[in-house]
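This is what each chain is made of:
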Amino acid sequence: MTGHLRLGVNIDHVATIRNARGGDHPDPVKAALAAAEAGADGITAHLREDRRHIRDEDISALMARLEIPLNLEMAATEEMLEIALRHRPHAACLVPEKREERTTEGGLDAAGQDNHLRPFVARLAEANIRVSLFIEPDARQIEAAIRLKAPVVEFHTGRYAHLEGEARAAELRRIADAAALAAKNGIEPHAGHGLNFDNVVPVAAIPQIRELNIGHFLVGEALFIGLDASVRRMRALMGEAR
Ligand code: PXP
């Protein structure tokens, strides 16, 4: 038996649909409350520089109304740091961000950006915000996280999700080795990106991983079976894997 694996539900794409028409429906806060009701342990939202989905007022509303922890995904910029320090979410996950990309395409180069990231990690930590670094499952990046004193790392599972067969198995081993290395060094490993009902179980079975953050698939699947059922089914699969 391994410990409880938390599910953070990412509600960004509820806001994507809302923004397609410029009104206030569907409301990402309502989705967050429904996800909590269905068993989500936390809510994740990415306030992007271009505000293409979540907006500043969504963060205020989530902070005011959520009873489960909010994990704010953010680029390491002064603007985002100021917003995080103002709202003081439970956690902040530092992600790389390029304006033109469709989604977060690779992990943060913590090893190469060590000096840039250091003050962000320190100032978030001083404000009692649990800092996480979204990195590739790679020893060099974990060593950087250790130097930066990040309490949490989140491994990018995008490659795992897109690969098949032996290549996927090899990537899974890379994630498992990275999780073991992080845990051995006192860093809590999380994982996310591209996870769905068909690929979540092997990642959820990695004993050191404490949290998965899942968004696009859950919101998409909600069109067919509803958000409540989509979150409950994910929770059940995660539970079975432990
Ligand atoms: N974790 C992080 C750090 C992310 O940037 C994202 C995508 O916003 C996710 C998890 C969730 O990925 P997906 O939407 O593919 O489930």
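Before any of the text, the structure's been laid out above.
What counts, and at which threshold
- Residues numbered from 1 in each chain as written.
- Predicted model: local features only at pLDDT ≥ 70, side-chain atom pairs only at ≥ 80, totals over all residues.
- Heavy atoms only, no water.
- Helix = DSSP H or I, 4+ residues; strand = E, 2+ residues; numbered from the N terminus.
- Rg over C-alpha atoms; globule rule 2.2 N^0.38 Å.
- Buried < 20%, exposed > 50% of the residue type's maximum accessible area, 1.4 Å probe, protein only.
- Lys, Arg positive; Asp, Glu negative; His and termini not counted.
- Charge placed at Lys NZ, Arg CZ, Asp CG, Glu CD.
- Axes fitted to C-alpha atoms, helices over the stretch in contact; angles between N-to-C directions.
- Parallel < 35°, antiparallel > 145°, perpendicular 65-115°, else oblique.
- Left-handed = near helix turned anticlockwise from the far one by under 90°.
- Contact = heavy atoms within 4.5 Å.
- Nonpolar A, V, L, I, M, F, W, Y, C, P; charged D, E, K, R; others polar.

This part is about the overall build of the protein. A count of helices and strands for the protein gives 11 helices and 8 strands. Against the compact-globule benchmark of 18 Å for 242 residues, the protein has a radius of gyration of 17 Å, which places it among compact chains. Here the protein, with 242 residues, has 51% of them falling under the buried criterion. Where the 30 positive side-chain charges of the protein centre and where its 36 negative ones centre are 2 Å apart.

Two quantities define a packed helix pair, namely the angle between the axes and the distance from one axis to the other. Viewed as axis vectors pointing N to C, helix α10 (residues 216-225) and helix α11 (residues 227-241) meet at an angle of 125°, and their least axial separation amounts to 7 Å. The angle between the axes of α10 and α11 places the two elements in the oblique class. As α10 packs across α11, the resulting crossing turns out to be right-handed. Across the interface between the two elements, F217, L218, E221, A222 and I225 from α10 touch L227, A229, S230, V231 and M234 from α11. In terms of residue class, the contact of α10 with α11 is built from 8 nonpolar, 1 polar and 1 charged.

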